Amino acid sequence: MKKLVCIVCPNSCELEITQNENGISVSGNKCKRGITFATDEMTAPKRTISSVVKTAFDAVPVLPVRVSAEIPKERIFDVMNEINHVTVKKRLKRGDVVIKNVLSLGVDVIATSGVLSELPEEEKQAKKPRAKKAAQAKKAAPAGKAKK
């Protein structure tokens, strides 16, 4: 027997799940959604992810994102790895796709804020890569003086 608290509705029912050769038996639920929740949780648990991705804009270094639907629980770290490798270079609006069909799961990673589309005109340009800035600074430094 396994005990779970149902998170589908505000009742927060304390469910007791028994699994045997005849299938899964659920008790403690006050609505039918509790049975579906418990069955799904025992057979194929899913979760949602909210995170941030890097951006190429100095004024907004990160952009909040989430997955458009639940993903298999065992794929959370794989999806987070994909999210961590993205840098947004376009001005996205809320709901715009950041990663389409991430890991072929049939789920998109979407922006949850329109802050990039609301940037003032002078801040809408993506920042230059740091390597370029360092090379430019090196060229501008007077000859014969070492950097500290």
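Quick note: structure is the one above.
Let us look at the structure shown here. Model, not experiment: these values are computed from the prediction.

Quick word on the overall build of the protein
Part 1: The helix and strand tally for the protein stands at 3 helices and 10 strands.
Part 2: What you see in the protein, going N to C, is helices and strands ordered as β-β-β-α-β-β-β-β-α-β-β-β-α.
Part 3: Looking at the 148 residues of the protein, the share that counts as buried comes to 28%.
Part 4: Put simply, of all contacts in the protein between residues at least 6 apart along the chain, 48% involve residues at least 24 apart.
Part 5: Carbon and sulfur atoms make up 51% of the accessible area of the protein, which amounts to about 10400 Å² in all.

Some words on empty space enclosed by the protein
In this approach the atoms are scanned with a rolling probe the size of a water molecule, which exposes any empty space left behind.
Part 1: Taken as a whole, this structure holds 1 cavity of 30 Å³ or more when the rule is applied.
Part 2: Its boundaries defined by the atoms lining it, the largest cavity holds a volume of some 30 Å³.
Part 3: Lining the largest cavity, in full, are Cys 6, Cys 9, Asn 11, Ser 12, Cys 13, Asn 29, Lys 30, Cys 31 and Gly 34.
Part 4: Split into classes, the residues belonging to the lining of the largest cavity amount to 4 nonpolar, 4 polar and 1 charged.

A look at the layout of surface pockets
Part 1: As a volume, the largest pocket reaches approximately 280 Å³.
Part 2: If one sorts the elements of the lining of the largest pocket by residue count, helix α1 (residues 32-43) sits on top with 4 residues.
Part 3: When its residues are assigned to classes, the lining of the largest pocket shows 5 nonpolar, 2 polar and 5 charged.

Section: the side chain of Ser 113
Part 1: Tracing the sequence through the fold places Ser 113 in the loop between β10 (109-111) and α3 (130-140).
Part 2: Of note is the side chain of Ser 113, whose polar atom sits 3.1 Å from the backbone nitrogen of Val 115.
Part 3: Setting aside residues up to four positions removed in sequence, Ser 113 forms contacts with Leu 63, Pro 64, Leu 92, Lys 93 and Arg 94.

Let's talk about the sheet that holds strand β3 (residues 23-27)
Part 1: Spatially, β1-β2-β3 is the arrangement adopted by the 3 strands of the open sheet, whose pairing is antiparallel. At either margin of the open sheet sits one strand with a lone partner, and together these are β1 (2-5) and β3. Going across the sheet, the axis of each strand differs from the next one's by a mean of 30°, ignoring polarity.
Part 2: Bridge count between β1 and strand β2 (residues 14-20): 4 bridges; the pairing is antiparallel. Looking at the pairing, Val 5 lines up with Glu 14 of β2.

A word on the pairing of β3
Part 1: The pairing of β2 with β3 spans 5 bridges and is antiparallel. In the strand pairing of β3, Gln 19 is matched with Ile 24.
Part 2: Linking β2 to β3, which pair antiparallel, is a turn of 2 residues.

Calculation criteria
- Residues numbered from 1 in each chain as written.
- Predicted model: local features only at pLDDT ≥ 70, side-chain atom pairs only at ≥ 80, totals over all residues.
- Heavy atoms only, no water.
- Helix = DSSP H or I, 4+ residues; strand = E, 2+ residues; numbered from the N terminus.
- Buried < 20%, exposed > 50% of the residue type's maximum accessible area, 1.4 Å probe, protein only.
- Contact = heavy atoms within 4.5 Å.
- Areas by Shrake-Rupley, 256 points an atom, 1.4 Å probe, with all protein chains shown as cover.
- 1 Å grid on protein atoms, 1.4 Å probe; cavity = no way out; pocket = protein on both sides within 12 Å on 5 of 7 lines; lining within 4 Å.
- Points joined across faces, edges and corners; volume = space filled by probe spheres on them.
- Nonpolar A, V, L, I, M, F, W, Y, C, P; charged D, E, K, R; others polar.
- Polar contact = N/O pair within 3.5 Å; in protein donor to acceptor, adjacent residues only side chain to side chain.
- Pairing = 2+ DSSP bridges.
- Axes fitted to C-alpha atoms, helices over the stretch in contact; angles between N-to-C directions.

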